[in-house]
Amino acid sequence: MFRESIAGALACDSRNVREPTRNEYPSRNRPLNLDVSVFTVTLPKLTYPMARTHTVTVHDRQTGRIYTVEVPEDRYILQAAESQGVELPFACRNGACTTCAVRLLEGEVEQPEAMGLSPDLRERGYALLCVSYPRSNIQAETQDEDEVYELQFGRYFGKGKVRRGLPLDED
Ligand code: FES
């Protein structure tokens, strides 16, 4: 067992571990005489950079409430809000349905996964909180019901008469 410990210590970092002297190797008939300093290994101090945090204020226009949460740059705003007990509208959580859309009144987000939001609407200051990372302090307000959906798809639907039934059904 001690041999394995010595071998393990030697394997750690040869710069900080000296070779045990002949007397330090264990023997059946000789009491073990180990210098514990042999096992002292100095590891470099590990530091993990903390992500910057921004203050995100969301005016939920459906409930009239205003929420303020602290969101690190490497977390989605919706996720961080939920972890702080704030409930905001959402459905898919994948940047597709636009239920979580907000209008940015101030500040910037990064939202590379917001596939449900056209480049034009991003330019106009809309963001999907489920896939948005804050890049500054933010002031935002929730959209009107289906506002983003209508802006994005409304011009493609609803033109002409809507008829019940499958497209191939004959009258
Ligand atoms: S919850 Fe569906 S796009 Fe955000």
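Here the residue index of a chain counts from 1 through its sequence in written order. Under the rules for a predicted model, residues below a pLDDT of 70 receive no local features and side-chain atom pairs below 80 are neither given nor counted, while totals for whole chains, interfaces and linings still include all residues.

This part is about the overall build of the protein chain. Helix and strand counts for the protein chain stand at 4 helices and 7 strands. By definition, any uninterrupted DSSP run of H or I lasting at least four residues is a helix, any uninterrupted run of E lasting at least two residues is a strand, and each is numbered from the N terminus. Walking the protein chain from its N terminus toward its C terminus, one meets helices and strands in the order α-β-β-α-β-β-α-β-β-β-α. Restricting to contacts in the protein chain with at least 6 residues of sequence separation, those with at least 24 account for 54%. Placing a C-beta atom from the backbone of each residue, one calls two residues in contact when those atoms lie within 7 Å.

With that settled, consider the pairing of strand β3 (residues 101-106). Two strands pair when backbone bridges link them, and β3 and strand β5 (residues 126-128) are joined in this way by 3 bridges, in the antiparallel orientation. Bridge pairing in β5 links Arg103 to Tyr126. Should DSSP find at least two bridges between two strands, the strands are regarded as paired. Pairing of β3 with strand β7 (residues 138-142), which is carried by 4 bridges, proceeds in the antiparallel orientation. By the bridge assignment, Val102 is partnered in β7 with Thr142.

Turning next to the nonpolar core. Joined through C-beta atoms within 7 Å, a set of buried Ala, Val, Leu, Ile, Met, Phe, Trp, Tyr and Cys residues constitutes a nonpolar core. Residues with at least 20 other C-beta atoms within 10 Å of their own are called buried, those with 12 or fewer are called exposed, and the rest are partly exposed. The C-beta atoms themselves are positioned from the backbone. Of all hydrophobic cores here, the largest spans 27 residues; its most connected members are Ile77, Leu78, Leu128 and Leu129. With 4 residues, the top contributor of residues to this core is helix α2 (residues 77-83). In contact with Leu129, not counting residues within four places along its chain, are Ile77, Leu78, Leu88, Cys100 and Val102.

A residue's pLDDT is the predictor's confidence in that residue, given on a scale from 0 to 100. On average, residues of the protein chain carry a pLDDT of 81, and 67% of them reach 70 or more. Here residues 1-12 scores under 50 on pLDDT; set against residues more than four positions off or in separate chains, the count is 10 contacts.

Let's shift gears to the sheet that holds β7. If you trace the 5 strands from one edge of the open sheet to the other, you get β2-β1-β7-β3-β5, paired in mixed fashion. Bordering the open sheet on either side are β2 (65-72) and β5, each of which pairs with just one other strand. Averaged over all pairs of adjacent strands, the angle between their axes in this sheet comes to 35°, without regard to strand direction. Angles here are taken between N-to-C directions and fall from 0 to 180 degrees, while the axes themselves are lines fitted to C-alpha atoms, restricted in helices to the stretch in contact.

Here we take up the pairing of β2. Across 8 bridges, strand β1 (residues 53-60) lies against β2 in antiparallel orientation. From the neighbouring strand, Val56 faces β2, where its bridge partner is Val69. Where β1 folds back on β2, the antiparallel hairpin that results is connected by 4 residues, among which Gly64 adopts a positive phi of roughly 80°.

The phi angle at Thr98 is positive, at roughly 75°, despite the residue not being glycine. Assessed through the 24 C-beta atoms surrounding it within 10 Å, Thr98 is described here as buried. Look at Asp146: it is not a glycine, yet its phi comes out positive at around 60°. Within the element layout of this structure, Asp146 appears in the loop between β7 and α4 (147-153). The class of Asp146 is partly exposed, set by 14 C-beta atoms lying within 10 Å.

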